[in-house]
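Here are the chains, one letter per residue:
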Amino acid sequence: MGSEEESAVKEPLDLIRLSLDERIYVKLRHDRELRGKLHAYDQHLNMILGDVEEIVTTTDIDDETYEEIVRTTRRTVPFLFVRGDGVILVSPPLRTA
Amino acid sequence: MLFFSYFKDLVGREVTVELKNDLAIRGTLHSVDQYLNIKLENTRVVDQDKYPHMSNFLVCQLSVRNCFIRGSVVRYVQLPPEGVDVELLHDATRREARGG
């Protein structure tokens, strides 16, 4: 009982628990990503993140050349609630360069 | 029930609700329920020029603007960073997650 049950990793949500108070990467629907510090979550994957950066990726197609123009839009929010139905995956931050 | 309790503690604070249709509404949190439906008071649309066709229904009257937002249409809620005990959130999360 008690602490042993709490620290055992039995199911996927327990893996997320290991990232509490750590920075995480969240992939959302509609080509959005978040990076922030995980402060709270529940079984729906509703989350509260701190010091969050949101990256929105948009793909436009040039009318003449038909080439894809990929753009990213970033913004930061100090403290954010994220509704779980938009979440695709949660992971430790990716090591980019 | 974790976030329901959290939002109940935030009643009276200013928040910005960003909807799935990209509309952002700033207002005072009046109430919340178990589905995380939200009632806001003194609302105004953030960045009104960007979404004039969507913000028409919330626009321009000097009378008090209140609205009810269905929980399922919310994408984000931007929260006031001050006055939040993150340690309390961490503890509550650990207790909630253990319940499976």
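Residues numbered from 1 in each chain as written. Chains lettered and ligands numbered in written order. Predicted model: local features only at pLDDT ≥ 70, side-chain atom pairs only at ≥ 80, totals over all residues. Heavy atoms only, no water.

Q: Even after reading the chapter, I still don't get the overall build of chain A, so can you show me in this structure?
A: Regarding its fold elements, chain A presents two helices and five strands. Beginning at the N terminus, the succession of helices and strands in chain A can be written as α-α-β-β-β-β-β. Relative to the 2.2 N^0.38 estimate, which gives 13 Å for 97 residues, the radius of gyration of chain A is 17 Å and therefore markedly larger than a compact globule would have. With respect to the three principal axes, the spread of C-alpha positions in chain A is 65 × 30 × 25 Å. (Helix = DSSP H or I, 4+ residues; strand = E, 2+ residues; numbered from the N terminus. Rg over C-alpha atoms; globule rule 2.2 N^0.38 Å.)

Q: Honestly, the side chain of Ser-19 of chain A in this entry has me stumped. Any pointers?
A: When you line up the elements, Ser-19 of chain A lands in the loop between helix 2 (12-17) and strand 1 (23-28). Apart from residues no more than four positions distant in its own chain, Ser-19 of chain A is found in contact with Ile-24 and Leu-38 of chain A. (Contact = heavy atoms within 4.5 Å.)

Q: Sorry if this is basic, but what is going on with the packing of aromatic side chains here?
A: Any aromatic ring pair is given by two values, namely how distant the centres are and how the planes are angled relative to each other. The final tally for this structure, using the stated rule, is three aromatic pairs over all chains. Between Phe-81 of chain A and Phe-3 of chain B, the ring centres sit 5.4 Å apart and the planes meet at 65°, which makes this aromatic pair edge-to-face. You can see Phe-81 of chain A sitting in strand 4 (residues 68-82) and its partner Phe-3 of chain B sitting in helix 1 (residues 2-9), one on each of two chains. Here Tyr-6 of chain B and Phe-7 of chain B contribute two aromatic rings whose centre-to-centre distance is 5.7 Å and whose plane-to-plane angle is 65°, an arrangement assigned as edge-to-face. Overall, the relative accessible area of 9% leaves Tyr-6 of chain B in the buried class. Phe-7 of chain B sits in the buried class, given a relative accessible area of 2%. Through a chain of ring-to-ring contacts, three or more aromatic side chains come together here, namely Phe-81 of chain A together with Phe-3, Tyr-6 and Phe-7 of chain B. The positively charged end of Lys-8 of chain B is found above the aromatic ring belonging to Phe-4 of chain B, 4.3 Å away from the centroid. (Phe/Tyr/Trp six-rings, centres within 6.5 Å; stacked < 30°, edge-to-face > 60°. Buried < 20%, exposed > 50% of the residue type's maximum accessible area, 1.4 Å probe, protein only. Lys NZ or Arg CZ within 6 Å of the ring centre and 35° of its normal.)

Q: Any chance you could explain the pairing of strand 5 (residues 74-78) of chain B here in plain terms?
A: For a regular strand, side chains alternate in direction, first toward one face of the sheet and then toward the other. All names here are of chain B. Counting buried residues in strand 5 gives four out of five residues, a clear majority hidden from the surface. In this structure, strand 1 (residues 14-19) lies alongside strand 5, joined through four bridges in antiparallel fashion. What sits directly across from Glu-18, in strand 5, is Tyr-76. (Pairing = 2+ DSSP bridges.)

Q: I keep staring at the interface of chain B and chain A and nothing clicks. Help me out?
A: Frequently, the measure chosen for interface size is the accessible area that the parts lose on association. At the junction of the two partners, chain B supplies 28 residues and chain A supplies 26 residues. The three residues of chain B that bury the most area against chain A are Phe-3, Tyr-76 and His-90 of chain B, which together make up 26% of that side's buried surface. There are three salt bridges connecting chain B and chain A. A salt bridge links Lys-20 of chain B to Asp-85 of chain A, with the nearest nitrogen and oxygen atoms 2.9 Å apart. Between the two partners, chain B and chain A, sit nine residue pairs in polar contact (both at pLDDT 80 or more). Elements with a contribution of two residues or more to the side of chain B that touches chain A: helix 1, strand 5 and helix 3 (86-98) of chain B. Looking at which element gives the most residues to the side of chain B that touches chain A, the answer is helix 3 of chain B, with eight residues. Its residues assigned to classes, the side of chain B that touches chain A shows 16 nonpolar, five polar and seven charged. For strand 4 of chain A and strand 5 of chain B, the ladder comprises three bridges, and the chain directions are antiparallel. Within strand 5 of chain B, the residue paired with Val-82 of chain A across the bridge is Tyr-76 of chain B. (Buried area = accessible area lost by both parts, 1.4 Å probe. Salt bridge = Lys/Arg side-chain N within 4 Å of Asp/Glu carboxyl O. Polar contact = N/O pair within 3.5 Å; in protein donor to acceptor, adjacent residues only side chain to side chain. Nonpolar A, V, L, I, M, F, W, Y, C, P; charged D, E, K, R; others polar.)

Q: Looking at this structure, I do not really get unusual backbone geometry. What am I missing?
A: Positive phi, close to 50°, is recorded for Asp-51 of chain A, a residue that is not glycine. Relative to the helices and strands, Asp-51 of chain A is located in strand 3 (residues 47-61). Although it is not a glycine, Asn-42 of chain B adopts a positive phi angle of roughly 50°. Assignment of secondary structure puts Asn-42 of chain B in strand 3 (residues 38-45).

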